[in-house]
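What the coordinates show
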Amino acid sequence: MAMEITQALLSAQSPDGQTRTVAEANLKQFQEQNLPQFLLSLSTELSNDQKPPESRRLAGIILKNSLDAKDSARKEYLTQQWVSVDPSIKFQIKESLLRTLASSVAEARHTSSQVIAKVASIEIPRKEWQDLIGKLLGNVTQAFAPGSLKQATLETLGYVCEEVAPQDLEQDQVNAVLTAVVQGMTSAEPNSDVHLAAIRALYNALDFAQTNFENQVERNFIMKVVCETAVSKESAEIRQAAFECLVAIASIYYDYLEPYMQTLFNLTAEAVRGDEEPVALQAIEFWSTLAEEEMERQDDCVALDELNSPLLHFHFVDKALESLVPMLLETLLKQEEDQDQDDTMWNLSMAGGTCLGLVSKTVGDKVVPLVMPFVERNITKADWRSREAATFAFGSILEGPSVEKLSPLARSGFEFLLSAMKDQSSHVRDTTAWTLGRVFELVHRPVSGDPVINEKNLPGIMTVLLDSIRDVPNVAEKVCGSLYFLAQGYEDAGPASKALTPYYESMIAALLSTADRAGISNVRLRASAYETLNEVVRCSYIPDTLNTTAQLLQEITRRVKHTVDLQVVSSDDREKQSDLQALLCGGLQVIIQKLGGSEGKSVILQMADEMMMAFLRVFGCRSATVHEEAMLAIGALAYVTGADFEKYMPEFYKFLEMGLTNFEEYQVCSISVGVVGDICRALDDKILPYCDGIMTVLLKDLSNAMLNRSVKPPIFSSFGDIALAIGEKFDKYLPYAAPMMQSASEMCMHLDTSDDDMVEYVNQLRRGIFEAYSGMLQGFKNSKPEIMLPYAASLVLFIEAVFKDHSSDDLVTKAAVAALGDLADALGGRIKELLAGSPFYNELLSECLLSDDDVLKETAGWAQVLIQHILQS
């Protein structure tokens, strides 16, 4: 097969299906029967300039895919596969790859660079291929090395730095790499391709340069070369790459920037005002990055106490404000003709507005007097660009300054903004609708003493919004956003939320009409209309809007049933049907929750059969997304209908089990687990006939290594829900569930808590385990509490371990204290000796009693009384 590899690679790309299938099968057979020779043959093919470009290209792709994968489990498998290859064969493959860097064909050099980096990512952390960096540096430092070899080698060094961790290279290797890279950027190197490869390699190597940036001489040299490259006359591509380096330096090495800031401001200002757009965009990104870095440092300083904080904060954005803001305002006038049609478009205007928003969040009130003259100067000009830029500027600074500073401006600006919704330019109308949404989101405070929106201006606002929602789709979408935030402002506003009641019916009608108008041709507008409808319902004042909401419930249920009958003849049709069903089921969930209180519960009970029938028909469409939304709606319905939900279980159970066993679409599985809890709380012991099936599936889920870990904490919580619902009947499951809880508890004590994601997961797991214990203790309390006695000691040890681990969050502490109280409540004097030998609980409960959280204080007080009673008895 090795002799025929070229032909097989070419045939695998044949337009003839049969030829392609046979060739792919032959390649797969070769790979499975003799992997080392297969990889060697591919590397030989890639390195041979006499071979066709097509076969070399595919050889490189297969080689790369034989070493790396996005899926972590697959990646680990490929890594072990490479590690097991005979060292002599690996040596030949690596030498072949290094030779390819000298190829006359650019694509082969590029592919080889990537493959070398993939091999390095496996071997260098294992202290193998230790001479790689030396060999690559040899290519760069050869006196007469061709430019193509230097370029390919620098590209390889960049990829290697991207693939391996800083701790995997020795400092002398890092120094040598940086020296070679920086030399490749200097004017002494005549080849512009080498310059570009060098600056890109530096970008990838910056994470390795901590020691070098700590050294002033080395830092000065690196900064000097990067700044010189940022004004290179060779190409915009090189200047763009240099600014990308400066952006990375602003983030990684902020602490060392102060001596260079005047130079960096001048460089960025010149680029923004006079360079080609890709370069100017990176110059703006430099200031966006600085603003984000300083915001983060401000937050950290507040958390750590600014005077004692070890973090440096130079206030670069604040110091540059008077020059920076005018520069950014200039960019707002550089719009493109069709940018209102594409929210993903990224140009100078969008980048400048985004940066201005970050600056505003960084410096707060100080930005307002620098921006408002620009707004006032341009808002009434004849040129649409000026009017749009003025509106964009105002909308961009609404987050950061205080509500007190912005409220008078917003209130006085409503007249202009509402008038602008009738502007002849769709760009202006689009940005105005977005700005109104920002005002409603960030400045609208109905319960404040002097609200921005009041009984005088609300009628005018509603008239304009309900009229403008009929505008072109991109404007209508922004108007939906404005209505969304307007309604959201009245959430938790009590009687103040009555202000929207006179417009409630009109808003519902307008949003349904907008969703219908969007249809399948504009899915974004349709989604925005339905999401806004949900928010309007959620934030409404239900006593006054009950009848309209009840009618809406009937209408949305009708629409759900209608979607099942849509003609589906293609995968595209199926996707569109699923998207619409998901939106509608999400709407039903909101309405069920809104009407589920005393005033509207009867409406839900009357419609329950019809809704449940609609949900079951939706499940028949078998879409993961719809499954999620329908499941959530059913959970809400179970909560409201209570014991009456029992009549739906025979039909619904098969779909619930389908969700619980959906390992691949783990979000569906997780939501289904949550619905188990909803149903347990609704049915109590009436869930018993289904518990064998549910518990079997949940125990299998916990044992399934392929199931996403995020599903496992709610599974433990559901054990508690089931135990609480069926009481002593849970005893048959306890011998299977409790050991898994104990095993997970022990695992929590040994997981790496230096990783933030892992800390979050561990806390979720801890909370789930405590909730499981609480449910079981409460479930057995009145009949056979002694059944929990064998697990009491391990629970107490777990609570103590969590208490001593300072990475636990407040929710975990609440769950731990509740479990401790439930243990004392259920087992009483049976655990007197155990408690007496575990005095840590005194300190735990004392700390909780000093908490600002009233619920935690109450739970801790309850637990303390129970324990004192046990110890004194």
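A brief structural summary. (Residues numbered from 1 in each chain as written. Predicted model: local features only at pLDDT ≥ 70, side-chain atom pairs only at ≥ 80, totals over all residues. Heavy atoms only, no water.)

**Thoughts on a negative patch on the surface**
A contiguous patch of negative charge, built from Asp-752, Asp-755, Asp-756, Asp-757 and Glu-760, is present on the exposed surface. Residue placement: Asp-757 occurs in helix H36 (residues 756-780). (Patch = residues over 30% accessible without salt bridge, like charges linked within 9 Å, V, L, I, M, F, W, Y side chains within 5 Å. Areas by Shrake-Rupley, 256 points an atom, 1.4 Å probe, with all protein chains shown as cover. Salt bridge = Lys/Arg side-chain N within 4 Å of Asp/Glu carboxyl O. Lys, Arg positive; Asp, Glu negative; His and termini not counted. Charge placed at Lys NZ, Arg CZ, Asp CG, Glu CD. Helix = DSSP H or I, 4+ residues; strand = E, 2+ residues; numbered from the N terminus.)

**Comments concerning the side chain of Thr-545**
Note on placement: Thr-545 falls in helix H27 (residues 542-564). Only 3.5 Å separates the side chain of Thr-545 from the side chain of Ser-540, close enough to count as a polar contact. In contact with Thr-545, not counting residues within four places along its chain, are Thr-501, Tyr-504 and Ser-540. (Polar contact = N/O pair within 3.5 Å; in protein donor to acceptor, adjacent residues only side chain to side chain. Contact = heavy atoms within 4.5 Å.)

**Observations regarding the environment of Gly-720**
Note on placement: Gly-720 falls in helix H34 (residues 712-726). The exposure class assigned to Gly-720 is buried, which follows from its relative accessible area of 3%. Measuring from C-alpha to C-alpha, the distance between Gly-720 and Gln-142 comes to 69 Å, with 578 residues separating the pair along the chain. Among residues more than four places away in sequence, those in contact with Gly-720 are Glu-771, Ala-772, Gly-775 and Met-776. (Buried < 20%, exposed > 50% of the residue type's maximum accessible area, 1.4 Å probe, protein only.)

**Structural notes on the packing of aromatic side chains**
Throughout the structure, instances matching the rule amount to 21 aromatic pairs. An aromatic cluster of at least three residues, connected via ring pairs, comprises Phe-619, Phe-645, Tyr-648, Phe-652 and Phe-655. The cationic tip of Arg-709 hangs over the ring face of Tyr-761; the distance from NZ or CZ to the ring centre is 4.8 Å. (Phe/Tyr/Trp six-rings, centres within 6.5 Å; stacked < 30°, edge-to-face > 60°. Lys NZ or Arg CZ within 6 Å of the ring centre and 35° of its normal.)

**Focus: the pattern of salt bridges**
Tallied over the full model, the rule gives 41 salt bridges. In this structure, Lys-478 engages Asp-430 in a salt bridge whose closest nitrogen and oxygen atoms are separated by 2.9 Å. Within this pair, whereas Lys-478 is found in helix H24 (residues 473-488), its partner Asp-430 is found in helix H22 (residues 426-442), the two being separated by 48 residues in sequence. For the pair Lys-478 and Asp-430, one class covers both residues: buried. Sharing partners across several salt bridges, the network here consists of Asp-68, Lys-75, Lys-118 and Glu-163.

**Thoughts on the environment of Glu-322**
You can see Glu-322 is positioned in helix H17 (residues 316-331). In this structure Glu-322 comes out as exposed when scored by relative accessible area, which is 66%. When the C-alpha positions of Glu-322 and Lys-366 are compared, they lie 9.7 Å apart, and in sequence the two are 44 residues distant.

**Quick look at helix H11 (residues 192-205)**
Counted at 1.5 Å a residue, the expected span for H11 with its 14 residues is 20 Å, and the 20 Å between its end C-alpha atoms agrees. The buried fraction of H11 is high, at ten of 14 residues. What H11 keeps buried is the set Val-194, His-195, Leu-196, Ala-197, Ala-198, Ile-199, Ala-201, Leu-202, Asn-204 and Ala-205. Looking at the packing, one finds that the buried side of H11 touches helix H9 (147-163), helix H10 (171-185), helix H13 (216-229) and helix H14 (236-252). Measuring from the side-chain oxygen of the N-cap residue of H11 to the backbone nitrogen of Asp-193 gives 2.8 Å; that N-cap residue is Asn-191. (Expected span 1.5 Å × (residues − 1).)

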